[in-house]
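A look at the structure
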Amino acid sequence: GYIRIVRIVRSDKEHMQYLLRDRVGESITAAEAQMLCQHLYERGAVDKNDAELMIAATSAAALSVPMPESVKDAMRARILRSMLLSVAKRTEGGE
């Protein structure tokens, strides 16, 4: 016998739904957000400027206000989710 490994390729829409639901979720750390943005850039889902902007907007420096980390992570997730949806809408529109 043998084992067959097959890579399943998701459509961009399916990939975006997965990212919003499973990778971003209700909260995300600055490091996780940075890795996710880098992944999106490497995959070609966003351009370099979009990736850098998302990283900057979700960085620890951008959210350096006196509040618990859990609140910052929740805010970061909302910011990132909003930015990803904006990029997805722009991409669907053919811009």
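Reading the values: rules and limits
- Residues numbered from 1 in each chain as written.
- Predicted model: local features only at pLDDT ≥ 70, side-chain atom pairs only at ≥ 80, totals over all residues.
- Heavy atoms only, no water.
- Core = buried A, V, L, I, M, F, W, Y, C linked by side-chain atoms within 4.5 Å.
- Buried < 20%, exposed > 50% of the residue type's maximum accessible area, 1.4 Å probe, protein only.
- Helix = DSSP H or I, 4+ residues; strand = E, 2+ residues; numbered from the N terminus.
- Contact = heavy atoms within 4.5 Å.
- Arc of directions from axis to C-beta.
- pLDDT = per-residue confidence, 0-100.

1. Comments concerning the nonpolar core
- One finds L36, M54, L80 and L84 to be the most contacted residues of the largest nonpolar core, which totals 16 residues.
- Among the secondary structure elements, those contributing two or more residues to this core are α1 (12–24), α2 (30–43), α3 (48–57) and α4 (69–92).
- Beyond its immediate sequence surroundings of up to four residues, L36 is in contact with L19, R23, V24, I28 and L80.

2. Topic: α3
- All of the buried residues in α3 are D50, A51 and M54. The arc that holds the buried residues of α3, viewed along the axis, is 100°, so those residues lie on one side. Turned more than 90 degrees from where α3 packs its buried face, N49 and L53 sit exposed.

3. Side note on the confidence of the model for the protein
- Counting all residues, the mean pLDDT for the protein is 85, and 85% of those residues have values of 70 or more.
- Averaged pLDDT values for the elements of the protein fall to 72 in α1 and rise to 95 in α3.

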